[in-house]
Amino acid sequence: MTFEVQHNDPNSSARTGLIQTDHGPIKTPIFMPVGTVGSVKGVHFAELRQVKAQIILGNTYHLYLRPGLDILRKAGGLHKFNTWDRPILTDSGGFQVFSLTGIRKLKEEGCEFRSHIDGSKHIFTPENVMDTERVIGADIMMAFDECPPGQSDYQYAKNSLKLTQRWLERCPRTRSS
C-alpha cells in the first residue's frame, strides 16, 4: 500500500491524495460507508458502485463474532465472502472496548469480553486483533486501541493514550500463518 499527496492547498493544511491498495485506488479525502458486518445496511453493492464508493469499513469485533474467522477463512476473506471487490478498512474493535464496559475487563494484555450474542468469553490483544484483520483481508487495518469515554478526566485519558501506544508497539510484530 502506498500514499501519495496529489495537491496541497497553499492557504490551509488541506490536501488531496491517492492511496494505492491491493483492491484498487482510493482518492482522498473520501466518504467511507460503514459496513459493520461486511455490508452497508439498506444499500446494495451495485448502488455503492453507482455512487462511486471507493472503500467500505468492516468492524473487526462484529465480523470476528459473526460470521466468524473460520467462515471468513474458508471464503478467502471478506472480499470473497461479500463480493466487494474494492478496498476494505477494518477498525480494531477498540470502540467495543469502550461500548461494552459492562461485559469487558481491560488489562495490559488486552481486553477480555463476553459476546453480546451468546455470552461466550473472548480476549482481544493487539496481536490477535491484527491477525483477525488479516483473516478478514483488510486493505487498511487499524491498531487495537482503547477509546476512553468522553467524560474521562485528564489522567484517565492520558493513561488510555499510553496503553494504546503500548498496544500499537505490539501490533506490527505479528504475522498470520
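See the structure shown above.
Heads up: these notes are all about the structure in this document. Treat the numbers as computed from the prediction; the structure is a model and nothing was measured.

## Observations concerning the side chain of N59
As for its position among the elements, N59 is in the loop between β4 (56-58) and α2 (60-75). Look at N59 and you get buried, because its relative accessible area is 6%. Within polar-contact distance, the side chain of N59 engages the backbone nitrogen of H62 at 2.9 Å. Not counting residues up to four positions away in its chain, the partners in contact with N59 are G35, T36, D91 and Q96.

## Describing the nonpolar core
Across soluble globular proteins, nonpolar side chains have a tendency to be buried as a group. By size, the foremost hydrophobic cluster in this structure holds 13 residues, and its most contacted members are L48, I56, L72, L78 and W84. Contributing elements (two or more residues each) for this core: α1 (45-50), α2 and α5 (126-136). Among the elements that make up this core, the one with the highest residue count is α2 (3 residues). In this structure W84 touches F45, L48, R49, A53, Q54, I55, I56 and H79, once residues within four positions along its chain are discounted. The next biggest cluster of nonpolar side chains, apart from the first, holds 11 residues, and it includes L65, C111, F124 and W167.

## Quick notes on the sheet that holds strand β8 (residues 121-124)
The strand order across the open sheet built from 3 strands is β6-β7-β8, with neighbouring strands paired in antiparallel fashion. Both edges of this open sheet fall to β6 (104-106) and β8, since each of them pairs with a single strand only. Put simply, the sheet's adjacent strands are angled 15° from each other on average, direction ignored. Of the pairings in the sheet, the one linking β6 to strand β7 (residues 111-114) comprises 3 bridges and is antiparallel in character. The residue of β7 that forms the bridge with R104 is F113.

## Let's talk about the side chain of Q54
Mapped onto the fold, Q54 is located in the loop between α1 and β4. Polar side-chain contacts of Q54 include one of 2.5 Å to the backbone nitrogen of K27. For Q54, the residues in contact, after removing those within four places along its chain, are P25, I26, K27, I30, W84, R86 and P87.

## Observations concerning unusual backbone geometry
With an omega dihedral of 0°, the bond running from T28 to P29 counts as a cis peptide bond. Among the structural elements, P29 can be located in the loop between β3 (24-28) and α1. In this structure, P67 follows R66 across a cis peptide bond, with omega equal to 20°. Within the fold, P67 resides in helix α2. Despite not being glycine, K52 shows a phi value in the positive range, around 65°. Topologically, K52 is positioned in the loop between α1 and β4.

So, how was this worked out
Residues numbered from 1 in each chain as written. Predicted model: local features only at pLDDT ≥ 70, side-chain atom pairs only at ≥ 80, totals over all residues. Heavy atoms only, no water. Helix = DSSP H or I, 4+ residues; strand = E, 2+ residues; numbered from the N terminus. Buried < 20%, exposed > 50% of the residue type's maximum accessible area, 1.4 Å probe, protein only. Polar contact = N/O pair within 3.5 Å; in protein donor to acceptor, adjacent residues only side chain to side chain. Contact = heavy atoms within 4.5 Å. Core = buried A, V, L, I, M, F, W, Y, C linked by side-chain atoms within 4.5 Å. Pairing = 2+ DSSP bridges. Axes fitted to C-alpha atoms, helices over the stretch in contact; angles between N-to-C directions.

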